[in-house]
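Inside the fold
So you can see what is in the structure, the chains are spelled out below.
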Amino acid sequence: SIKVMSKPLRWLVPALVVLLLAASPFLRVEMSAGGIEAMPIDPTLPYDDENIFAKILLGEIPSNKVYEDEWAFAFEDINPQAEIHTLVIPKGRYVSWDDFSTKASAEEIAGFVRAVGEVARAKGLVEPGYRLLANIGAHGGQEVPHLHVHIFGGRPLGPMILRR
Ligand code: 5GP
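Read on for a plain summary of the structure. Worth saying up front: this structure is predicted, and the values here are computed from it rather than measured.

**Some thoughts on the pattern of salt bridges**
- Scanning the entire structure with this criterion turns up eight salt bridges.
- The partner of Asp49 in a salt bridge is Arg93, with the nearest N and O atoms 2.8 Å apart. Here Asp49 is found in the loop between β2 (35–38) and α3 (52–57), whereas its partner Arg93 is found in the loop between β5 (84–90) and α4 (97–103), with 44 residues between them in sequence.
- Looking at Asp49, the relative accessible area reads 42%, which means it is partly exposed.
- With relative accessibility at 48%, the residue Arg93 sits in the partly exposed group.
- Among the salt bridges present, the one from Glu83 reaches Arg155, with a minimum N-O distance of 2.8 Å. With a gap of 72 residues between them, Glu83 in the loop between β4 (72–76) and β5 and Arg155 in the segment after β7 (149–153) connect regions that are remote in the sequence.
- Using a relative accessible area of 38% as the deciding quantity, one classes Arg155 as partly exposed.
- Among the ionic contacts, a cluster of salt bridges with common partners joins Lys65, Glu68 and Lys91.

**Thoughts on the sheet that holds β5**
- Taking strand neighbours across the sheet as the criterion, the five strands line up as β3-β4-β5-β7-β6 in an open arrangement whose pairing is antiparallel. In the strand order of this sheet, the two ends are held by β3 (65–68) and β6 (130–133), each with one partner. Across the sheet, the axes of successive neighbouring strands diverge by a mean angle of 20 degrees, strand direction being ignored.
- Sheet analysis places β5 next to β7, joined by five bridges and oriented antiparallel. Note on β7: the bridge partner recorded for Val88 is Val149.
- Helix-sheet contacts for helix α5 (residues 106–122) involve β3, β4, β5, β6 and β7, and the interaxial angle to β5 is about 160 degrees.

**Let's talk about the site of the ligand**
- Taken together, 17 residues surround the ligand, and among them Asp77, Asn135, Glu143, His148 and His150 come closest.
- At a separation of 2.5 Å, an oxygen atom of the ligand approaches a polar side-chain atom of Asp77.
- Val144 is positioned such that a nitrogen or oxygen atom in its backbone is 3.3 Å from an oxygen atom of the ligand.
- Protein coverage of the free-state accessible area of the ligand, which is 520 Å², stands at 87%.
- Of all the elements, α3 adds the most residues to the shell around the ligand, at three residues.
- When grouped by side-chain class, the residues that make up the shell around the ligand number seven nonpolar, seven polar and three charged.

**Focus on the packing of aromatic side chains**
- Applying the stated criterion across every chain yields a total of four aromatic pairs.
- Aromatic side chains Tyr94 and Phe100 sit 5.1 Å apart centroid to centroid with 75 degrees between the ring planes, which places their arrangement in the edge-to-face category.
- For Tyr94, a relative accessible area of 9% gives the class buried.
- Connected via pairs of aromatic rings, a cluster forms that spans Phe53, Phe73 and Phe75.

Definitions and limits used
- Residues numbered from 1 in each chain as written.
- Predicted model: local features only at pLDDT ≥ 70, side-chain atom pairs only at ≥ 80, totals over all residues.
- Heavy atoms only, no water.
- Salt bridge = Lys/Arg side-chain N within 4 Å of Asp/Glu carboxyl O.
- Helix = DSSP H or I, 4+ residues; strand = E, 2+ residues; numbered from the N terminus.
- Buried < 20%, exposed > 50% of the residue type's maximum accessible area, 1.4 Å probe, protein only.
- Pairing = 2+ DSSP bridges.
- Axes fitted to C-alpha atoms, helices over the stretch in contact; angles between N-to-C directions.
- Contact = heavy atoms within 4.5 Å.
- Near = heavy atom within 4 Å.
- Polar contact = N/O pair within 3.5 Å; in protein donor to acceptor, adjacent residues only side chain to side chain.
- Areas by Shrake-Rupley, 256 points an atom, 1.4 Å probe, with all protein chains shown as cover.
- Nonpolar A, V, L, I, M, F, W, Y, C, P; charged D, E, K, R; others polar.
- Phe/Tyr/Trp six-rings, centres within 6.5 Å; stacked < 30°, edge-to-face > 60°.

The structure is reproduced here in structure tokens:
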């Protein structure tokens, strides 16, 4: 057979796979047919002040900010899935749409909803159209435990959800 790896290296790949599988619960990744995916968050847990969007709000982690007001903060998604892919988050400590819609004040809710509309308008998306999306928990595939609404646009976006 063709010798592709030296003897010590032959054990390295399976060893790394086993290590990754063993560590997956701690890395917040899971295996699926599509490969390694981030593990969805549990939207019933209390707010985690260490989450990545909390740090973006505090400016501890940089982001490409596109909008900010008293109630909301908007920034470009780090891994865009459309020509325009912007995230809008409320400034309050809310894990998910469920948390927000039950606990936020009428002012916070109005401020956040208006901010989402304002960002879409500022991006010139009203006339061509756009899509809003909020993932909640496991079935939604929510990865960050701070409520965020995705704004997608810039081209026709195709079917509403993946059917399988
Ligand atoms: P979810 O799956 O929770 O609805 O969406 C999370 C989104 O946040 C993903 O689209 C992901 O690309 C984005 N994201 C995750 N971490 C960061 C980050 O550190 N910075 C920015 N700008 N976006 C992030």
